[in-house]
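As a plain string of letters, each chain reads:
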Amino acid sequence: MKYIIAVIKPQKLDAVRHALNQLGVSGMTVTEVKGFGRQKGHREIYRGAEYQVDFVPKVKIEIAVPANLLDAATTAICGAAKSGSIGDGKIFVLDLEEAVRVRTGETGIDAL
C-alpha cells in the first residue's frame, strides 16, 4: 500500500477528485493549507496598497491506495492539477505499512 500526499491549487480540487473517483479511489482527506515553494508568494493590491503575500493558499489531499494503483493515481493527479504555471503543486509518496478500518477491524487493502 502507498500513501499519497498531494499539495495543489484549491481550484483544481474538484478535477482531481473526479479523476481519482474514476480510478476507483474511494476516499480522501482534504485540508486547506498555506505555504510556498519556488513560487515564493506573490504581490497583491488591497485598497490601493501593495503588499507581499508570503504564504499561498493550497489544498493538501491525502489518499491511501494499493501499490498497483500508484502510477495511475499519480498520473491522474498530475493530469487534473496541471495548469502549466508555477505553483501547480507537489506529490509525495510514502510506504504505508498498515491500515485498519475501525468499524469492522478489517486490515490491509481490505481496510481501504
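The structure under discussion appears in the preceding block.
A brief structural summary. Every chain's residues receive numbers from 1 upward, in the order its sequence appears when written. Where local features are concerned, this predicted model is filtered to residues with pLDDT of at least 70; where side-chain atom pairs are given and counted, the filter is 80 or more; whole-chain, interface and lining totals use all residues. As a convention, hydrogens and water are excluded, and side-chain values are obtained from all of the structure's heavy atoms.

Examining helix 1 (residues 13-23)
Piece 1. The buried label applies to any residue whose accessible area, calculated with a 1.4 Å probe on protein chains only, is under 20% of its type's maximum; exposed applies above 50%, and partly exposed to all values in between. Labels follow the DSSP assignment, with helices taken as runs of H or I lasting at least four residues and strands as runs of E lasting at least two, numbered in each case from the N terminus. Listed in full, the buried residues belonging to helix 1 are Leu13, Val16, Ala19 and Leu20. Along the axis of helix 1, the buried positions cluster into a sector of 130 degrees, meaning they face one direction only. Within helix 1, the exposed residues directed more than 90 degrees away from the buried face are Asp14 and Gln22.
Piece 2. It only takes one pair of heavy atoms within 4.5 Å for two residues to be counted as in contact. Contact partners of the buried residues in helix 1: strand 1 (2-8), strand 2 (29-35), strand 5 (56-65) and helix 2 (70-81).
Piece 3. Where helix 1 ends, the next residue or the one after it, Gly24, has phi of about 100 degrees, a positive value. Each direction from the helix axis to a C-beta atom contributes to the arc, which is the arc of those directions.

A word on the nonpolar core
Most often, soluble globular proteins keep nonpolar side chains buried together rather than apart.
Piece 1. Within the largest apolar cluster, 18 residues are counted, with the highest numbers of intra-cluster contacts made by Ile4, Ile8, Val16, Leu20, Ile61, Ile63 and Ile77.
Piece 2. Looking at this core, the elements that each hand over two or more residues are strand 1, helix 1, strand 5 and helix 2.
Piece 3. Here this core takes 6 residues from helix 2, the largest share from any one element. Here, the term nonpolar core denotes a set of buried Ala, Val, Leu, Ile, Met, Phe, Trp, Tyr and Cys residues that are joined through side-chain atoms within 4.5 Å.

Notes on the sheet that holds strand 2
Piece 1. Two strands are said to pair when DSSP picks up at least two bridges between them. The 4 strands lie next to each other as 2-5-1-6, forming an open sheet whose pairing is antiparallel. With one partner strand each, in any of the chains shown, strand 2 and strand 6 (89-95) form the two edges of the open sheet. The sheet shows a mean angle of 20 degrees between the axes of neighbouring strands, direction not considered.
Piece 2. Sheet topology note: the strand 2/strand 5 ladder contains 7 bridges and is antiparallel. By the bridge assignment, Lys34 is partnered in strand 5 with Pro57.
Piece 3. The convention used is that axes are lines fitted to C-alpha atoms, helices contributing only their stretch in contact, and that angles between N-to-C directions extend from 0 to 180 degrees. Here helix 1 sits on the sheet and contacts strand 1, strand 2 and strand 5; the angle it forms with strand 5, its principal contact strand, is near 10 degrees.

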